[in-house]
Amino acid sequence: MNATTPTASQPDAAPIGGDDTPLVANASLKRYYASEAERRDHTRAMFDQGAAGYDRAEWLTGMGSGAWYRRRVLQRLGLKPGESVLDVAIGTGLVAAEALKLIGPQGELVGLDPSPGMLAEARAKVDIQTLEGYAEDIPLEDNRFDALTMGYALRHLGSLEQAFGEYLRVLKPGGRVCLMEIAQPRFWLTRQIVKGYVRYLVPAIARLAGEKPGVAKLWRYYWDTIQTCIDTEAILQALRDAGFEDVRVSKTFGIFREYLGRKPEDPAS
C-alpha cells in the first residue's frame, strides 16, 4: 500500500559542520547552503530535480554492480522472509527492491524520504508504504522493525545523534541497523581517479544522455559530501553513543562502507 505523510517540521536555522553533523565544515559546502534549514531546503530540491535520472547516474557510478552489491550487503545483514524493514532515505527504491526479494511477500517494508520526487520514483518501482519525512524525526511507533537500512545517505543527515537515536527507537529489541556509505579512497592517486569519475565524468555522461541538469548538479554535490564526511571511527562511535551494540564496519572495494549494529535485547541495557 502506498501512502505519504507530511514532511516533518524543520528545526531553527543553525550553522552546518558542527560536532553532531556527519559533514565537516568546508568551503565546498558553503556554495550550497549556510545553515541546517538551508541544507534541508537545498538538498530536497536537488533530489527532487534529479530523481528522474538518478537510477541511470547510479548505474554509471557503480558500473552496473549496484544491485549485486546491495543484495550482498543485505544478505550479510541477515534479512529473512517475513521480517519488517524500514528503509530510511529510500530514494528511488534501489535498496528496497533488493530487501523485498529477501523478506518476501510476508514481510513488511516501509520507505522514508524527504524528497517527494524520489518517493514517486520509488513507488513506481516497488509497491510499498512510503512516508515523507526526515531520519531525525521518524513518524512511526517504537519497537516496530526487525531491521533498518539506509543507502548512501548518511552524509545527508543533519544530526547523527538525533537520527541514530530514532533508529534505535523504531527497531525492536535485537533489531539490526545497516548504513551503506561511500568513502574517499585512501591513496591520493586513486582518490583523484574516483573524484574525476564521480564528480565530472558521470555528470558529463548524464548531460550527453539528455538528463536534466539536476542530475549533474546532484552528482557534483554527491562527491563534495563524500570528501567532507567525518571518518569511519566517528560514525561507529556515534552508533555506540546512541545505544547500539556489536557495532562494526565492513569494507568493500576500498571505498564502500557498511556500518552495522544491533539494538540490545534489553532496551534498558
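Look up a bit, the structure's there.
Starting from 1, residues in each chain are numbered consecutively following that chain's sequence as written. With pLDDT at 70 or above as the cut-off, local features in this predicted model cover only qualifying residues; side-chain atom pairs require 80 or more to be listed or tallied, and sums for whole chains, interfaces and linings still use all residues. As a convention, hydrogens and water are excluded, and side-chain values are obtained from all of the structure's heavy atoms.

Engineer: I'd like a rundown of the sheet that holds strand β2 (residues 108-113), residues and numbers included.
Structural biologist: At least two DSSP bridges between two strands are required for those strands to pair. Numbering of helices and strands runs from the N terminus, with a helix taken as a DSSP run of H or I at least four residues long and a strand as a DSSP run of E at least two residues long. Ordered by their spatial adjacency, seven strands build an open sheet running β3-β2-β1-β4-β5-β7-β6, and the pairing between neighbours is mixed. The two strands at the open ends of the sheet, each matched to only one other strand, are β3 (129-132) and β6 (245-252). The sheet shows a mean angle of 15 degrees between the axes of neighbouring strands, taken without regard to direction. The strands touched by helix α6 (residues 116-125) are β2 and β3; relative to β3, the strand with the most contacts, the crossing angle is about 175 degrees. Lines fitted to the C-alpha atoms define the axes, with helices restricted to the stretch that makes contact. Angles between their N-to-C directions range from 0 to 180 degrees. Two residues qualify as a contact provided that any one of their heavy atoms is within 4.5 Å of a heavy atom in the partner residue.

Engineer: An account of the pattern of salt bridges is needed here, citing residue identities and associated values.
Structural biologist: If the charged atoms of two oppositely charged side chains come close together, the side chains can form a pair. Note on definitions: salt bridges are taken to be side-chain nitrogens of Lys or Arg within 4 Å of carboxyl oxygens of Asp or Glu. Counting across every chain of the model gives 21 salt bridges. Across the pair R31 and D224 runs a salt bridge whose closest N-O atoms are separated by 3.0 Å. Of the two residues, R31 is situated in the loop between α1 (27-30) and α2 (36-50) and D224 in helix α9 (residues 213-227); the sequence distance between them amounts to 193 residues. In this scheme, a residue with accessible area under 20% of its type's maximum is buried, one over 50% is exposed, and one in between is partly exposed, where area comes from a 1.4 Å probe on protein chains only. Overall, R31 belongs to the exposed group, its relative accessible area being 52%. We classify D224 as buried; its relative accessible area is 2%. Two residues, E233 and R240, come together in a salt bridge whose shortest N-O distance is 2.9 Å.

Engineer: Kindly report on the nonpolar core, identifying the contributing residues and their values.
Structural biologist: Residues L79, L86, L148, L154, F164, Y167 and L179 are the most contacted members of the largest nonpolar core, which totals 81 residues. The residues touching Y167, leaving out its near neighbours within four places in the chain, are V88, A135, I138, L148, M150, L157, V177, L179 and F244. Joining through side-chain atoms within 4.5 Å is the link that ties buried Ala, Val, Leu, Ile, Met, Phe, Trp, Tyr and Cys residues into a set, and such a set is a nonpolar core.

Engineer: Lay out the packing of helix α4 (residues 66-77) against helix α5 (residues 94-103) with the relevant residues and their values.
Structural biologist: Across the interface, α4 lies against α5 with an axial gap of 9 Å and an inter-helix angle of 50 degrees. Comparing their axes, α5 and α4 come out oblique. The element α4 and its partner α5 pack so that their crossing is right-handed. When α4 is examined against α5, the residues A67, R70, R71, L74 and Q75 are found in contact with a partner set consisting of L94, V95, E98, A99, K101 and L102. The nonpolar class holds Ala, Val, Leu, Ile, Met, Phe, Trp, Tyr, Cys and Pro. Asp, Glu, Lys and Arg form the charged class, and all remaining residues, Gly among them, are polar. Partitioned by chemical class, the residues of the contact of α4 with α5 number six nonpolar, one polar and four charged. Just so you know how the angles are binned, under 35 degrees is roughly parallel, over 145 roughly antiparallel, 65 to 115 roughly perpendicular, and the rest oblique. Two helices cross in a left-handed way if the nearer one is turned anticlockwise from the farther one by less than a right angle. They cross in a right-handed way if the turn is clockwise.

Engineer: Requested: an account of helix α7 (residues 160-170), with residues and values cited.
Structural biologist: Along an α-helix, residues three or four positions apart point the same way, because every turn accommodates 3.6 residues. Within α7, burial applies to L160, A163, F164, E166, Y167, L168 and V170. Those residues of α7 hidden inside the fold are in contact with β1 (84-88), β4 (145-151), β5 (171-182) and α10 (232-242).

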